[in-house]
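Residues per chain, in single letters:
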Amino acid sequence: MNFINVNDIGPLDRAVAEALEVKRDRYAFQHLGRNKTLLMIFFNNSLRTRLSTQKAAMNLGMNVIVLDVNQGAWKLETERGVIMDGDKSEHLLEAIPVMASYCDIIGVRSFARFESKADDYNEIILNQFIQHSGRPVFSMEAATRHPLQSFADLITIEEHKTKARPKVVMTWAPHPKALPQAVPNSFAEWMNKTDYEFVITHPEGYELAPEFVGNARVEYNQDKALEGADFVYAKNWAAYADPNYGQILSKDRSWTVSAQKMALTNNAFFMHCLPVRRGMIVTDDVIESPRSLVIPEAANREISAQTVLKRILENL
Ligand code: CP
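Computed from a prediction, not measured in an experiment: that's the story for all the values here.

### A few points about the site of the ligand
Near the ligand the following residues occur: S46, L47, R48, T49, R109, H146, Q149, C273, L274 and R301. One of the side-chain N or O atoms of R109 is found 2.8 Å from an oxygen atom in the ligand. Between the ligand and the protein, one listed contact pairs a nitrogen atom with a backbone N or O atom of L274 at 2.8 Å. For the ligand, whose free accessible area comes to 260 Å², the fraction covered by protein is 93%. Considering only residue class, the shell around the ligand consists of three nonpolar, four polar and three charged. A domain split of the shell around the ligand shows at least three residues from each of domain 1 (6–145 + 301–314) and domain 2 (149–297).

### A few points about the pattern of salt bridges
Pairing between side chains of opposite charge can happen when the charged atoms of each approach one another. Counted according to the given criterion, the structure contains 17 salt bridges. Across the pair R26 and E302 runs a salt bridge, and its minimum N-O distance is 3.0 Å. Of this pair, R26 sits in the loop between α1 (12–24) and β1 (37–42) while E302 sits in helix α12 (residues 294–314); the two residues are 276 residues apart in sequence, bridging distant segments of the chain. A salt bridge links K117 to D242; its shortest N-O distance comes to 3.4 Å. Of this pair, K117 sits in helix α4 (residues 117–121) while D242 is found in the loop between β10 (231–235) and α10 (259–262), placing the two residues 125 residues apart along the sequence. The exposed category is assigned to D242, whose relative accessible area is 59%. Salt bridges here are not isolated pairs; linked through shared partners, they connect E18, K310, R311 and E314.

### Considerations on the domain arrangement of the chain
Each domain of the chain was delimited in the assignment, giving domain 1 (6–145 + 301–314) and domain 2 (149–297). Here the C-alpha centroids of domain 1 and domain 2 sit 25 Å apart. In this assembly, 26 residues from domain 1 lie in contact with 31 residues from domain 2. Across the interface of domain 1 and domain 2, roughly 2400 Å² is buried in total on both sides, 66% from carbon and sulfur atoms. The largest contributions to the domain 1 side of the interface with domain 2 come from F114, K117 and Y121, which together make up 29% of the buried area.

### Structural notes on unusual backbone geometry
Omega for the bond connecting D242 with P243 falls within 30 degrees of zero, at 5°, which places this linkage in the cis form. Following L274, the chain continues into P275 via a peptide bond in cis, with omega recorded as 0°. Mapped onto the fold, P275 is located in the loop between β11 (269–271) and α11 (284–287). Phi at E123 is positive, roughly 50°, even though this residue is not glycine.

Conventions and cut-offs
- Residues numbered from 1 in each chain as written.
- Predicted model: local features only at pLDDT ≥ 70, side-chain atom pairs only at ≥ 80, totals over all residues.
- Heavy atoms only, no water.
- Near = heavy atom within 4 Å.
- Polar contact = N/O pair within 3.5 Å; in protein donor to acceptor, adjacent residues only side chain to side chain.
- Areas by Shrake-Rupley, 256 points an atom, 1.4 Å probe, with all protein chains shown as cover.
- Nonpolar A, V, L, I, M, F, W, Y, C, P; charged D, E, K, R; others polar.
- Domains from an automatic or database assignment.
- Salt bridge = Lys/Arg side-chain N within 4 Å of Asp/Glu carboxyl O.
- Helix = DSSP H or I, 4+ residues; strand = E, 2+ residues; numbered from the N terminus.
- Buried < 20%, exposed > 50% of the residue type's maximum accessible area, 1.4 Å probe, protein only.
- Contact = heavy atoms within 4.5 Å.
- Buried area = accessible area lost by both parts, 1.4 Å probe.

This is how it looks when you write it as structure tokens:
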């Protein structure tokens, strides 16, 4: 079993029920991970994913090895057919089976590079691990998706919703750097599998890939989108559409989620995957308010990771 996208977890109601069972007693499944080793490989920085996934594996009784590819390992070449006369000492095609020989399960974090849309959307790093490791592989955020985050987001919404079909609004917000579409793509993919009312709002030019937007309503007027929202999910992303792939088209702070924006909603909860830029994505008062779910959302990363690892261990 690999865990790359929403389809790898089966029916979402069952996945959430299992996650809540894990949360009630997170040490109940320690026998599953005995004498099993998780290797976590990071091509990019992380705070939450690193700590929550390691904690989840330890809850399951696993041993954990963490490798930061860019700090202490040989610099890895990822393209096939190149003359390796530069600064990259080892090829991923040797490194992957070597790393796989030391573990039972592999978690990979590898962001979009914005050098080639085709490479990013073909997930060339993650797919090489799937093809060449011979081990179950799960995404700890890849170029196009962040499924452990979306699963934690779903658990958090299920824990806090007060109606069967809440209105969930994902809003673009400004950021000084070009960020990948993985979190918004993935959140949309998971929300589209629920029966929630799901709305996406962003400035023109920030349209996400149609396969992720699915049947969501896209509303270019943020104020209109926020009306009656029960959950506001803020995130920045760089442009997806050609010819602007990977570019910043706007830093318009009128899109920052402020108390005035939240006043348009149905006393909505505020959500963000973190890390977040205060004053750009969200104002201090909103993120510090009692309606902010950013901390419980991050805490649920342990639960989503543990539920996925539990499933993989049960299928080894
Ligand atoms: N939300 C999230 O994935 O955080 P990190 O980048 O710190 O892991």
